[in-house]
Amino acid sequence: MSKDPLDKDRRRGEAFFEDTGLWGFIHRSFTKSMGYTEEDLRKPVIGICNTFSELNKCHSQFRELAEYVKRGVWQAGGLPMEFPTISIGEPYVKPTTMLLRNLMAMDTEEMMKAHPLDGVVLLGGCDKTVPAQLMAAASVNIPAIVLTGGPMLNGRLNGANLGACTDCYQFTLEHKAGNLTDAELATAENAICRSDGHCMVMGTASTMASIAEALGMALPGCAAIPAPDSRRKHLAELTGKQIVKLVEADIRPRDLMNERSLDNAIRVTMASGGSTNAIIHLIAIAGRLGIRLPLERFDELAKETPFLLNLRPSGQYQMEEYFEAGGVPALMKELEPLLHTDCLTVTGRSVADNLREVQVLNREVIFPLSQPLDAQGGIAVLRGNLAPSGALIKQTAVSSHLKKHVGKAVVFHSPEDLQKRIDDPELDVDESSVLVLQNAGPKGAPAMPEIGQIPIPQKLLKKGVRDMVRISDARISGTSYGALIVHVAPEAAIGGPLALVRDGDLIELDIASRTLNVLVDDAELQQRKQKWQAPAPHYDRGYGLLFTERVLQADRGCDFDFLLPPELRGEEESK
Ligand code: FES
């Protein structure tokens with residue numbers, strides 16, 4: 001029988017502070033030493049998971065934001081207690097934040113379990129932080145609300161808006177092509193990130209913030225309020241108040257996150273042109289809930305969810321304009337006929353109730369359901385002999401002439417090989433070639449770094465080529481664009497068919513029919529497989545070894561097998 005206070009009828013904080021024995025004495029005296037009174041210890045204990053870090057620029061404002069949450073908690077009669085976990089910021093973490101997402105999920109889960117928290121506010125923002133926190137909340141299942149830090153204000157240069165990091169790629173690409181001087185590049189560097197907040201295009205951070213709202217795990221409107229806007233402080237205070245109400249009503253993450261709200265989150269992602277990373281994260285969150293979410297579900301919903309949101313990298317505007325257009329609630333209002341509107345949310349009300357008064361305020365940003373930007377959602381799931389367990393392409397960001405394409409493979413055997421040879425003037429490549437990167441998957445790279453936006457070879461850049469079909473078992477940033485086929489599963493490092501492709505093989509992509517094939521017969525592929533040798537392992541100790549031994553493939557969400565509930569383990573067909 002578990003001794004976790006979660007199993008008792010009393011609140012966890014009550015069980016902790018009202019214990020009549022030695023441990024109650026110790027809990028009370030140590031807490032009172034921080035200035036809390038007897039009365040404070042009788043209130044619901046609200047953890048504020050503050051992922052502030054100077055190593056994570058996207059969370060630089062979290063010290064201040066946490067104070068507004070605390071104000072709300074006190075006002076509602078709770079006892080706020082702030083605590084840290086690891087914080088992972090995209091630009092700094094090497095080799096990739098994806099290596100640490102599961103570590104952050106474990107850290108958050110164990111902190112939530114080990115302390116007397118009755119509820120928790122999860123402060124996240126940068127790409128992997130929100131999924132890690134949602135995975136933990138799904139596993140622990142104590143009342144929880146996500147509060148994201150908000151997007152940066154638009155970058156500004158020469159009267160135009162800039163977006164991180166879509167324009168980071170553009171600027172460095174044009175610099176490499178010789179179209180920008182060093183000084184012009186430095187000016188762009190200074191102008192692009194001009195405030196607190198996370199990336200302000202519909203990248204992974206904005207997508208995951210939208211998903212938190214669509215799942216009912218964040219207050220309506222949370223995703224799009226710019227980080228420096230005073231209304232985010234208002235929302236932080238409201239979040240603090242609301243978590244106390246959730247504790248009183250005993251509304252928990254598993255009351256909110258289920259198959260139906262996952263459908264809502266997928267539809268919002270598709271209508272937004274959201275990040276391909278969201279697929280991995282949603283599968284992982286679902287797994288923690290005991291739900292096996294197959295790639296087919298994404299494709300089914302993508303086919304019947306129109307693309308409505310005119311935001312970069314698939315469209316024109318950025319998060320600041322999305323906020324002014326009404327944000328996620330306005331997009332959900334437009335999608336309302338397609339949503340499960342009876343789903344409960346952290347407001348304590350249903351999606352339908354939350355949307356009752358909502359209006360779309362700018363039709364240039366949020367298109368009508370009857371006149372979408374595209375009839376289908378942003379992400380397509382591909383299958384074929386090159387990706388038997390699936391691959392993804394963000395079809396809204398693909399140049400139209402490449403949506404159906406056959407080309408000769410130019411193969412790079414590792415990220416290092418790519419770096420060494422991509423700009424070699426002797427590389428046998430032209431604009432119709434298909435660039436293939438092997439061994440960049442969950443175990444291979446390791447941890448699927450965001451290098452699926454394989455650079456265009458310099459000699460083609462100089463000829464004006466800006467898009468090519470590129471295939472890998474890596475990921476891409478949500479801010480990337482182009483004909484980028486990623487998350488190929490099974491990955492090359494475990495002998496998936498991607499490992500068997502050779503220079504000159506013809507590869508056929510057809511997004512309309514959702515197929516990706518290497519035009520080599522089965523007998524030849526079998527022969528190549530027999531000669532295939534697994535790459536040397538990356539780690540012989542530590543967390544890296546744990547990661548590479550226990551991580552699941554992309555189509556299983558890249559969680560660790562042992563973090564899934566027992567009923568979902570053992571489905572290791574593509575591990
Ligand atoms: Fe943090 Fe882009 S670097 S969201």
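Reading guide: rules and limits
Residues numbered from 1 in each chain as written. Predicted model: local features only at pLDDT ≥ 70, side-chain atom pairs only at ≥ 80, totals over all residues. Heavy atoms only, no water. Helix = DSSP H or I, 4+ residues; strand = E, 2+ residues; numbered from the N terminus. Rg over C-alpha atoms; globule rule 2.2 N^0.38 Å. Buried < 20%, exposed > 50% of the residue type's maximum accessible area, 1.4 Å probe, protein only. Contact = heavy atoms within 4.5 Å. Axes fitted to C-alpha atoms, helices over the stretch in contact; angles between N-to-C directions. Parallel < 35°, antiparallel > 145°, perpendicular 65-115°, else oblique. Left-handed = near helix turned anticlockwise from the far one by under 90°. Nonpolar A, V, L, I, M, F, W, Y, C, P; charged D, E, K, R; others polar. Pairing = 2+ DSSP bridges. Expected span 1.5 Å × (residues − 1). Polar contact = N/O pair within 3.5 Å; in protein donor to acceptor, adjacent residues only side chain to side chain. Patch = residues over 30% accessible without salt bridge, like charges linked within 9 Å, V, L, I, M, F, W, Y side chains within 5 Å. Areas by Shrake-Rupley, 256 points an atom, 1.4 Å probe, with all protein chains shown as cover. Salt bridge = Lys/Arg side-chain N within 4 Å of Asp/Glu carboxyl O.

## Considerations on the overall build of the protein chain
Consideration 1: Within the protein chain one finds 20 helices and 14 strands.
Consideration 2: Relative to the 2.2 N^0.38 estimate, which gives 25 Å for 575 residues, the radius of gyration of the protein chain is 24 Å and therefore close to what a compact globule would have.
Consideration 3: The dimensions of the protein chain, computed from C-alpha atoms along their principal axes, are 75 × 55 × 45 Å.
Consideration 4: Every one of the 575 residues in the protein chain was classed for burial, and the buried ones make up 61%.

## A closer look at the environment of Phe17
Consideration 1: For Phe17, the position within the fold is in helix H1 (residues 12–17).
Consideration 2: Judged by relative accessible area, Phe17 falls into the buried class, the value being 3%.
Consideration 3: Apart from residues lying up to four places away in sequence, Phe17 is in contact with His27, Arg28, Thr31, Leu41 and Val45.

## Concerning the packing of helix H8 (residues 204–214) against helix H12 (residues 277–288)
Two packed helices can be described by the angle between their axes and the distance between those axes.
Consideration 1: Taken N-terminus to C-terminus, the directions of H8 and H12 make an angle of 40°; their axes are 10 Å apart at the nearest point. In terms of orientation, H8 lies oblique with respect to H12. For the pair H8 and H12, the sense of crossing is right-handed. Contact with H8, carried on its side by Thr204, Thr207, Met208 and Ile211, involves Asn277, Ala278, His281, Leu282 and Ile285 of H12 and no other residues of that element.
Consideration 2: Here the contact of H8 with H12 is composed, by residue class, of 5 nonpolar, 4 polar and no charged.

## A short note on the pairing of strand S14 (residues 515–518)
Consideration 1: Burial of the side chains of S14 is restricted to one face: Leu516 and Val518 are buried, whereas none of Thr515 and Asn517 on the reverse face is.
Consideration 2: The pairing of strand S13 (residues 506–510) with S14 spans 4 bridges and is antiparallel. Looking at the pairing, Glu508 lines up with Asn517 of S14.
Consideration 3: Adjacent in sequence and paired antiparallel, S13 and S14 are bridged by 4 residues, among which Arg514 carries a positive phi angle near 60°.

## With respect to the environment of Ala489
Consideration 1: Inspection of the secondary structure puts Ala489 in the loop between strand S12 (484–486) and S13.
Consideration 2: Separated by 16 residues in the primary sequence, Ala489 and Asp473 have C-alpha atoms spaced 6.8 Å apart.
Consideration 3: Other than its neighbours up to four places away in sequence, Ala489 contacts Ala387, Pro388, Ser389, Gly390 and Asp555.

## Notes on the sheet that holds strand S1 (residues 45–50)
Strand pairs in the sheet, formed through backbone hydrogen bonds, run parallel or antiparallel to each other.
Consideration 1: The strand order S2-S1-S3-S4 describes an open sheet built from 4 strands, whose pairing is parallel. The sheet is open, and its two borders are formed by strand S2 (79–83) and strand S4 (144–148), each paired with just one other strand. The mean angle between the axes of side-by-side strands here comes to 20°, regardless of whether they run parallel or antiparallel.
Consideration 2: Here 5 bridges tie S1 to strand S3 (residues 119–124), and the two strands are oriented parallel to one another. Bridge pairing in S3 links Asn50 to Leu123.

## Looking at helix H9 (residues 230–249)
Consideration 1: Taking 1.5 Å per residue, 20 residues should reach 28 Å; H9 reaches 29 Å between its end C-alpha atoms and fits that length.
Consideration 2: Within H9, the full set of buried residues consists of Arg232, Leu235, Ala236, Glu237, Thr239, Gly240, Gln242, Ile243, Val244, Leu246 and Val247.
Consideration 3: Elements in contact with the buried residues of H9: S1, helix H3 (62–75), S3 and S4.
Consideration 4: Between the side-chain oxygen at the start of H9 and the backbone nitrogen of Arg231 there is a gap of 2.8 Å, and the oxygen is on Asp229.
Consideration 5: Downstream of H9 by a residue or two, Asp250 has a phi angle that is positive, lying close to 55°.

## So, the packing of helix H5 (residues 129–140) against H12
Consideration 1: For the pair H5 and H12, the least separation of the axes is 8 Å and the interaxial angle reads 15°. Considered as vectors, H5 and H12 are oriented roughly parallel to each other. Taken as a pair, H5 and H12 cross one another with a handedness that is right-handed. Contacts between H5 and H12 involve Pro131, Leu134, Met135, Ala136, Ala138 and Ser139 from the former and His281, Ala284, Ile285 and Arg288 from the latter.
Consideration 2: Partitioned by chemical class, the residues of the contact of H5 with H12 number 7 nonpolar, 2 polar and 1 charged.

## Quick notes on a nonpolar patch on the surface
Consideration 1: On the surface, Val406, Leu506 and Leu519 cluster together to form a nonpolar patch covering roughly 240 Å² of accessible area.
Consideration 2: Its place among the elements puts Leu506 in strand S13.

## Topic: the pairing of strand S10 (residues 434–437)
Consideration 1: Neither face of S10 is open: one carries Val434 and Val436, the other Leu435 and Leu437, and all of them are buried.
Consideration 2: Of the pairings in the sheet, the one linking strand S9 (residues 404–412) to S10 comprises 4 bridges and is parallel in character. In the strand pairing of S10, Val410 is matched with Leu435.

## Section: the pattern of salt bridges
Consideration 1: Tallied over the full model, the rule gives 37 salt bridges.
Consideration 2: A salt bridge links Lys128 to Glu90; the shortest N-O distance between them is 2.8 Å. Residue Lys128 is found in the loop between S3 and H5, and its partner Glu90 is found in the loop between S2 and helix H4 (98–114); the two are separated by 38 residues along the sequence.
Consideration 3: Put simply, Lys404 and Asp510 hold a salt bridge, and the shortest N to O gap is 3.3 Å. Of this pair, Lys404 sits in strand S9 while Asp510 sits in strand S13, placing them 106 residues apart in sequence.
Consideration 4: With a relative accessible area of 60%, Lys404 lands in the exposed category.
Consideration 5: Through salt bridges with shared partners, a single ionic network connects Glu109, Glu110, Lys113, Arg288 and Asp559.

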